[in-house]
Amino acid sequence: MKLLKLGKIELFLKKAMQPPDPHAVALSINLLEKLNALDEDENLMPLGFHLAQLPLDLHTGKMVLMGAILSCLDPILTVAANLSFKDAFVIPLGKEERTDWKRKQIAQNSKSNHLMLAQAFNILYAAVLG
């Protein structure tokens with residue numbers, strides 16, 4: 001909407017055949033402002049311009065953009081792909097403790113599921129290209 005310069009969000013959405021709940025619209029605008037995608041006057045900020053062009057949810061899109069800016073895009077893309085998919089680990093019945101132990105081993109004491117998934121991908125990638 002903002003890329004197309006269709007005016008204020010709430011006013012435009014009220015004209016829809018089935019307008020969304022006004023409270024949901026207000027929450028969405030608030031989130032866009034908190035992420036610095038919109039300013040207080042609902043003008044598109046530079047970050048918002050780039051987010052609007054990505055086929056991702058706001059948080060994942062911002063994560064990908066920040067990964068590109070900070071030159072750590074490969075692990076960020078791995079994490080982003082994993083966020084949009086079910087758990088990458090198969091947990092056989094009765095092997096939950098071993099699976100947890102293996103996850104901790106892969107995470108290298110980072111205590112981060114995201115870093116653990118990126119590391120697991122790197123291990124798999126290296127094994128395949130071996």
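Note that the structure is a prediction, hence the values are computed from the model and not measured. (Residues numbered from 1 in each chain as written. Predicted model: local features only at pLDDT ≥ 70, side-chain atom pairs only at ≥ 80, totals over all residues. Heavy atoms only, no water.)

## A few points about the overall build of the protein chain
Regarding its fold elements, the protein chain presents seven helices and zero strands. Mapped in sequence order, the helices and strands of the protein chain form the string α-α-α-α-α-α-α. The dimensions of the protein chain, computed from C-alpha atoms along their principal axes, are 55 × 35 × 25 Å. Split by element, the accessible area of the protein chain, about 9,800 Å² in all, is 61% carbon and sulfur. (Helix = DSSP H or I, 4+ residues; strand = E, 2+ residues; numbered from the N terminus. Areas by Shrake-Rupley, 256 points an atom, 1.4 Å probe, with all protein chains shown as cover.)

## Here's the deal with the nonpolar core
Membership of the largest hydrophobic core is limited to nine residues, which are Ile-9, Val-25, Ile-29, Leu-32, Ala-37, Leu-38, Leu-47, Leu-51 and Leu-65. Contributing elements (two or more residues each) for this core: α2 (22–34) and α3 (46–52). Ranked by residue count, the leading element in this core is α2, at three residues. Residues within four places of Ile-29 in sequence aside, it is in contact with Ile-9, Glu-10 and Glu-42. Phe-89, Ala-107, Met-116 and Leu-117 belong to the second largest nonpolar core, which has six residues in total. (Core = buried A, V, L, I, M, F, W, Y, C linked by side-chain atoms within 4.5 Å. Buried < 20%, exposed > 50% of the residue type's maximum accessible area, 1.4 Å probe, protein only. Contact = heavy atoms within 4.5 Å.)

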